[in-house]
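# A structural walkthrough
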Amino acid sequence: ATSDPSQASLGLKMGGSKSIRPVMPAPSADASLLAFQDRENPYLSMQFEAQKAESYELKKSYKGHIAPISCLAMHPKKSILATASDDTTWKMWSVPNGELIMTGEGHKSWVSGIDFHPKASTLATSSGDSTVKVWDFSQSKCIATLSDHAQAVWGCAYHDSGDFLASCSMDHTAKLWDLTQNKCRQTFRGHVDSVNAVVFQPFSNNLCTCSGDKTVSLWDARTGLCIQTFYGHLNAVNHVAFNLRGDTIASTDADGGLRLWDVRMVIERLQVNAGPHSANKVGFDQSGTVIALASDDHTIKIIDAVQGATLGVLEGHEEAVQAVIFDASQRSLISAGSDNS
């Protein structure tokens, strides 16, 4: 990576020394963004066995909310699942037993996104009430409400440092929040339609967004500049996800299309048509070779991320599947949908 953040760099260090090299900001850069230093991605040197999700069988099903469940997040250390729902609440559950641990109330509209702090001290939620809220477990309350978005907020994601949070909104922007001061540090402008999902590239200072304008974009969080835009989707892009290595982006669209993008070569690596029903969410397993796709046709499609073949289809939901997440600790897959389960 370069030492000048204005020279947008993908920040993918391939091995090398463990020392952290400070990035000297350009004169215009905010000094508090110094927390954004290049870090080595530990997953670059790890190998994981692929999860054979195509052979998974339904082990447990429970009605988690009184309205559709829109998003799932796994606790970084424990077997705990967080759910966000259109019923304006979020909940935490033990996995795989499904015992309710905690319920969070405070949003005035549907809750669209949820993410755990990397150290699991807090949790962030995004909502149709145009706010992002940060909840503290030790205090059992909301400790911050971030309200700079002009319209509904679709998603939120923590940076791996835990000091920054990204959000994306129907107002065509994504924002970067400094959680040490609860202030908006950057606004990412460039999409010409709703920004439907946001995710950080693992162990980097780049974030990825997807939009109703049919594009996927990669941004430098330090400068607020767009590094790269990926074109190819023929309809609104619903969701984006990185593999753990951070070198591949998966994106899904309203036609059921799945595309994989090579971040470093900036090319489309794979295209899979899993339609005609909308593909609502996508997730990689730890190995990065298996993808789960949450579909409007009530199923979860398991796809080979290397060849693009459909390995299997998991059935069980009675309505559209809205979210899907791999649980590596349990070697399982968790899904949620419009059937409130």
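Notes on the structure follow. Every chain is numbered on its own, with residues counted from 1 as its sequence reads. Owing to the predicted nature of the model, reporting of local features is limited to residues with pLDDT of at least 70; listing and counting of side-chain atom pairs is limited to 80 or more, with chain, interface and lining totals taken over all residues. Hydrogens and water molecules were not included; the side-chain quantities draw on all heavy atoms of the structure.

### Here's the deal with the overall build of the protein chain
- Think of it this way: any DSSP run of H or I at least four residues long counts as a helix, any run of E at least two long counts as a strand, and we number them from the N terminus. What the protein chain contains, in helices and strands, is zero helices and 26 strands.
- The buried share among the 341 residues of the protein chain stands at 57%.
- It only takes one pair of heavy atoms within 4.5 Å for two residues to be counted as in contact. The contacts in the protein chain between residues at least 6 apart in sequence include a share of 45% that link residues at least 24 apart.
- Only the protein chains shown count as covering a residue, and every accessible area follows the Shrake-Rupley method with a 1.4 Å probe. Within the structure as shown, the protein chain displays about 14200 Å² of accessible surface, and the carbon and sulfur contribution to it stands at 50%. Each residue is placed in one exposure class: buried if its accessible area under a 1.4 Å probe, protein chains only, is under 20% of its type's maximum, exposed if it is over 50%, and partly exposed if it falls in between.

### Brief notes about the pattern of salt bridges
- We count a salt bridge whenever a side-chain nitrogen from Lys or Arg sits within 4 Å of a carboxyl oxygen from Asp or Glu. Taken as a whole and assessed by the stated rule, the structure comprises seven salt bridges.
- The partner of Arg 245 in a salt bridge is Asp 247, with the nearest N and O atoms 3.5 Å apart.
- Looking at Arg 245, the relative accessible area reads 28%, which means it is partly exposed.

### Brief notes about the nonpolar core
- Here, nonpolar core refers to any group of buried Ala, Val, Leu, Ile, Met, Phe, Trp, Tyr and Cys residues whose side-chain atoms link them within 4.5 Å. Ranked by internal contacts, the top residues of the largest apolar core, which has 14 residues, are Ala 250, Leu 258, Leu 260, Val 282, Phe 284, Ile 291 and Leu 293.
- Contributing elements (two or more residues each) for this core: strand 19 (257–262), strand 20 (267–273), strand 21 (279–284) and strand 22 (290–295).
- With residues near it in sequence (within four places) discarded, Leu 258 still touches Ala 250, Ser 251, Thr 252, Leu 270, Gln 271, Val 272, Val 282, Ile 291, Leu 293 and Ile 303.

### Some thoughts on the environment of Glu 40
- The residue Glu 40 is located in the segment before strand 1 (69–74) in this model.
- Each C-alpha atom of the pair Glu 40 and Ser 204 lies 8.3 Å from the other, and the pair is 164 residues apart in sequence.

### Overview of the sheet that holds strand 23 (residues 300–304)
- Note on pairing: DSSP must find at least two bridges between two strands before they are called paired. The sheet built from four strands is open, its strands ordered 21-22-23-24 with antiparallel pairing. The open sheet has two edge strands with one neighbour each: strand 21 and strand 24 (310–314). With strand direction ignored, the average angle separating the axes of adjacent strands in the sheet is 20 degrees.
- The pairing of strand 22 with strand 23 spans five bridges and is antiparallel. When the bridges of strand 23 are listed, Ala 292 appears paired with Ile 302. Here an axis means a line fitted to C-alpha atoms, over the contact stretch when the element is a helix, while the angle between two N-to-C directions is reported on a 0 to 180 degree scale.

### Describing the side chain of Lys 91
- Tracing the backbone shows Lys 91 in strand 3 (residues 89–94).
- No salt bridge is formed by the buried Lys 91; its nearest oppositely charged neighbour, Asp 87, is found at 5.1 Å.
- Once residues within four sequence positions are removed from consideration, Lys 91 is found in contact with Gly 64, His 65, Leu 81, Ala 82, Thr 83, Leu 100, Met 102 and Thr 103. Charged-residue counts in this description rest on Lys and Arg as positive and Asp and Glu as negative, His and the chain ends being excluded.

### Description of the pairing of strand 18 (residues 248–253)
- Counting buried positions along strand 18 yields six of six residues, so the element is predominantly enclosed.
- Side chains of strand 18 alternate between two faces, with Thr 248, Ala 250 and Thr 252 and Ile 249, Ser 251 and Asp 253 buried alike.
- Sheet analysis places strand 18 next to strand 19, joined by five bridges and oriented antiparallel. Within strand 19, the position partnered with Thr 248 by the bridge is Asp 262.

### Examining the environment of Val 266
- Looking at the element boundaries, Val 266 is found in the loop between strand 19 and strand 20.
- Each C-alpha atom of the pair Val 266 and Thr 229 lies 8.8 Å from the other, and the pair is 37 residues apart in sequence.
- Setting aside chain neighbours within four positions, we find Val 266 in contact with Gln 228 and Phe 230.

### Structural notes on the sheet that holds strand 3
- Strand order in this open sheet of four strands is 1-2-3-4, and the pairing throughout is antiparallel. Each of the sheet's edge strands pairs with one partner strand only, and the pair in question is strand 1 and strand 4 (100–105). Taken pair by pair, the neighbouring strands of this sheet meet at an average axis angle of 20 degrees, ignoring direction.
- Of the pairings in the sheet, the one linking strand 3 to strand 4 comprises five bridges and is antiparallel in character.

### Comments concerning the side chain of His 191
- Relative to the elements of secondary structure, His 191 occurs in the loop between strand 12 (183–189) and strand 13 (195–200).
- The definition of a polar contact used here is a pair of N or O atoms within 3.5 Å, where within protein one atom must be able to donate a hydrogen and the other to accept one, and adjacent residues in sequence count solely through side-chain atom pairs. Of the polar contacts made by the side chain of His 191, one reaches the side chain of Asp 213; its length is 3.0 Å.
- There is a polar contact of 3.3 Å between the side chain of His 191 and the side chain of Thr 215.
- With near-sequence residues (within four places) excluded, His 191 lies in contact with His 172, Thr 209, Cys 210, Ser 211, Asp 213, Thr 215, Ser 217 and Trp 219.

### Here we look at the environment of Thr 215
- Tracing the backbone through its elements, the reader meets Thr 215 in the loop between strand 14 (206–211) and strand 15 (216–220).
- The class of Thr 215 is buried, set by a relative accessible area of 9%.
- In this view, Thr 215 contacts His 191, Thr 209, Cys 210, Thr 229, Phe 230, Tyr 231 and Val 237; residues no more than four positions away in its chain are not counted.
- One polar contact links Thr 215 to Asp 213, side chain to side chain, over a distance of 2.6 Å.

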